[in-house]
Amino acid sequence: MTFSGQPSASLSSDLQEVVSTRLAAALAFHAARAELSRRRQIAAAALSMSSPIDRGRPASGKAASVIGEQAELIVPYLARFQPARMKASLVPLIILAFILPVSGSPRWFCYSPRR
């Protein structure tokens, strides 16, 4: 709010940013949980394909620990780090795509040594 008691114009844009950020975080979290479920199914299928008397098969407690508890550790990676890395990779390219056509001369793009 401003001193006059009227809400500022940036308040609505701030609210939009908060809502869109929360929505994106929720979507990323649900996608990460779905990916975790898919990877757990793949791991369980791989374990069920081997013989119970196979010496190379991991111990059941270790397998249960990896599938049940340790697999949870990929959720923050998939929900937070991967989207941030994607944003950090794409935003400069998008900025370049918008600036390049209006930059005037492409001289900065090609290096030519002075003689």
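Small disclaimer: the values here were computed from a predicted structure and weren't measured.

Visitor: Any details on a nonpolar patch on the surface? Residues and values, ideally.
Guide: Nonpolar side chains collect at one region of the surface, where Met86, Leu90, Val91, Leu93, Ile94, Ile95, Leu96, Phe98, Ile99, Leu100 and Val102 lie side by side and expose about 1100 Å² of accessible area between them. Residue position: isoleucine 94 is located in helix α3 (residues 74-99). Judged by its relative accessible area of 45%, isoleucine 94 falls in the partly exposed class.

Visitor: Before we move on, could you go through the pattern of salt bridges and cite the residues and values that matter?
Guide: Overall, the coordinates contain four salt bridges when judged by the stated rule. Note that glutamate 72 and arginine 33 form a salt bridge whose closest N and O atoms lie 2.7 Å from each other. A residue pair is termed long-range when its members are at least 10 positions apart, and glutamate 72 in the loop between α2 (60-68) and α3 and arginine 33 in helix α1 (residues 9-49) qualify at 39 residues. Since its relative accessible area comes to 30%, glutamate 72 is described here as partly exposed. Taking the shortest distance from any N to any O, the salt bridge between glutamate 72 and arginine 40 comes out at 2.9 Å. With a gap of 32 residues between them, glutamate 72 in the loop between α2 and α3 and arginine 40 in helix α1 connect regions that are remote in the sequence. Residue class for arginine 40 comes out partly exposed when judged on its relative accessible area of 21%. One salt-bridge network, in which partners are shared between bridges, spans Arg33, Arg40 and Glu72.

Visitor: Describe α3, naming the residues involved and giving the relevant values.
Guide: Each α-helix winds once per 3.6 residues, and so residues spaced three or four apart point in a common direction. A rise of 1.5 Å per residue sets the reference length of α3, with its 26 residues, at 38 Å; its end C-alpha atoms lie 37 Å apart and thus fit the reference within 8%. Largest kink in α3: about 30°, centred on phenylalanine 81, with the proline proline 83 one to four residues after it. Among the residues making up α3, those that are buried are Val75, Leu78 and Ala79.

Reading the values: rules and limits
Residues numbered from 1 in each chain as written. Predicted model: local features only at pLDDT ≥ 70, side-chain atom pairs only at ≥ 80, totals over all residues. Heavy atoms only, no water. Patch = residues over 30% accessible without salt bridge, like charges linked within 9 Å, V, L, I, M, F, W, Y side chains within 5 Å. Areas by Shrake-Rupley, 256 points an atom, 1.4 Å probe, with all protein chains shown as cover. Salt bridge = Lys/Arg side-chain N within 4 Å of Asp/Glu carboxyl O. Helix = DSSP H or I, 4+ residues; strand = E, 2+ residues; numbered from the N terminus. Buried < 20%, exposed > 50% of the residue type's maximum accessible area, 1.4 Å probe, protein only. Expected span 1.5 Å × (residues − 1). Bend = angle between axes of the 7 residues up to and from the residue.

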